[in-house]
Every structure is written in structure tokens, then in C-alpha cells.
Amino acid sequence: MKQIKNIIFDLGGVLIDWNPEYLFRKLIPDEEKRKSFFSDICTAEWNEEQDGGRSIADATSLLIQQYPDHADLIIAYYDRWEEMLGGPIQDTV
């Protein structure tokens with residue numbers, strides 16, 4: 001078996017350009033509504049909890065319980081994560 005020599009941690013914006021705006025500009029065209037969605041519902045703090053180990057299923061369920069009218073958008077946050085990628089960041093790759 002081959003030994004692992006290196007482990008790379010990409011915490012968003014290190015090796016790969018990651019930005020939820022890429023997806024949510026399509027889903028919430030109105031800039032003010034989109035800003036509100038990120039500041040009030042799918043917040044950076046909420047997302048960091050998943051980085052810390054909370055399951056995506058638990059996180060999604062928690063927000064849907066709190067904001068049922070936004071269920072489709074909350075589900076899209078992780079179901080459509082690939083649409084949040086903009087490609088490699090050349091200066092760090």
C-alpha cells in the first residue's frame with residue numbers, strides 16, 4: 001500500500017474559488033433578498049458548524065424547521081454546491 005505523504009486542506013478560497021453567490025445569483029436574482037438570505041438564514045456561522053462536524057442533514061433540517069418558506073433554497077445550498085465553484089485559484093495551486 002502506498003503511503004500518504006501530503007494532506008491538503010482547502011478551507012474555501014484557498015485552492016478552489018468557492019462562492020455561494022455563483023449559485024444564488026441564479027436562485028435569488030434580487031441582490032437585497034440574496035444578502036438577507038445569507039445574513040439571516042444560510043449564514044457564514046451556520047456553514048462553519050458543518051466545517052466543525054455537524055452533519056449537512058442536521059444543518060439543513062435545522063434551518064428548514066426555522067424557515068420553512070425557504071426550504072428549496074436551504075436544500076440547494078448543499079445539493080448544488082458544485083455550482084458554487086469557480087475553478088482553481090492559480091496563485092495557490
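Please refer to the structure higher up on the page.
Residues numbered from 1 in each chain as written. Predicted model: local features only at pLDDT ≥ 70, side-chain atom pairs only at ≥ 80, totals over all residues. Heavy atoms only, no water.

## Observations concerning the overall build of the protein
Cut-off, in case you're wondering: Secondary structure elements follow DSSP: runs of H or I of four or more residues count as helices, runs of E of two or more count as strands, with numbering from the N terminus. For the exposure calls, accessible area comes from a 1.4 Å probe over protein chains only, and a residue counts as buried if that area is under 20% of its type's maximum, exposed if over 50%, partly exposed in between. All accessibility values rest on the Shrake-Rupley procedure with a 1.4 Å probe; residue burial counts only the protein chains present in the view. Positive charge is attributed to Lys and Arg, negative charge to Asp and Glu, and no charge count is given to His or to the chain ends. Lysine's charge is taken at NZ, arginine's at CZ, aspartate's at CG and glutamate's at CD.
What the protein contains, in helices and strands, is five helices and two strands. In the protein, the succession of α and β elements from N to C terminus is β-α-α-α-α-α-β. Along the three orthogonal principal directions, the C-alpha set of the protein runs to about 50 × 30 × 20 Å. Relative to its 93 residues, the protein shows a buried fraction of 26%. When the accessible surface of the protein is totalled, it reaches about 6,900 Å², and 52% of it is carbon and sulfur. For the protein, the distance from the average position of its 9 positive side-chain charges to the average position of its 18 negative side-chain charges is 6 Å.

## What about the side chain of Gln50?
So the rule is basically this: Contacts are assigned to residue pairs with any non-hydrogen atoms lying within 4.5 Å of each other.
One can find Gln50 in helix H3 (residues 44-51). Ignoring anything within four residues of it in the chain, the contact list for Gln50 reads Ser55, Ile56, Ala59 and Tyr78.

## So, helix H2 (residues 31-40)
Let me state the cut-off plainly: The directions from the helix axis to the C-beta atoms are what the arc is built from.
Along H2, the positions that sit buried rather than exposed are Arg34, Phe37 and Phe38. Relative to the axis of H2, the buried residues are bounded by an arc of 90° and lie together on one face. Turned more than 90 degrees away from the buried face of H2, the exposed residues are Glu32, Lys33 and Ser39. Contacts from the buried residues of H2 go to helix H1 (21-27), H3 and helix H5 (71-79).

## A look at the nonpolar core
Quick reminder of the rule: Think of a nonpolar core as a cluster: buried Ala, Val, Leu, Ile, Met, Phe, Trp, Tyr and Cys residues, connected wherever their side-chain atoms sit within 4.5 Å.
In terms of nonpolar packing, the biggest core is built from 15 residues, with Phe24, Phe37, Cys42, Trp46 and Tyr77 touching the most fellow members. Broken down by secondary-structure element, the contributors of at least two residues to this core are H1, H2, helix H4 (56-66) and H5. The biggest single contributor to this core is H5, with four residues. Aside from chain neighbours lying at most four places away, what touches Cys42 is Phe37, Leu63, Ile74 and Tyr77.

## Quick notes on H5
Inspection of H5 places Ala71, Leu73, Ile74, Ala76, Tyr77 and Tyr78 among the buried residues, and these make up the whole buried set. Along its buried surface, H5 packs onto strand S1 (16-18), H1, H2, H3 and H4.

## Topic: the environment of Leu23
Tracing the sequence through the fold places Leu23 in helix H1. Using a relative accessible area of 0% as the deciding quantity, one classes Leu23 as buried. If we skip the residues at most four places from it in the chain, Leu23 touches Ala76, Arg80, Glu83 and Met84.

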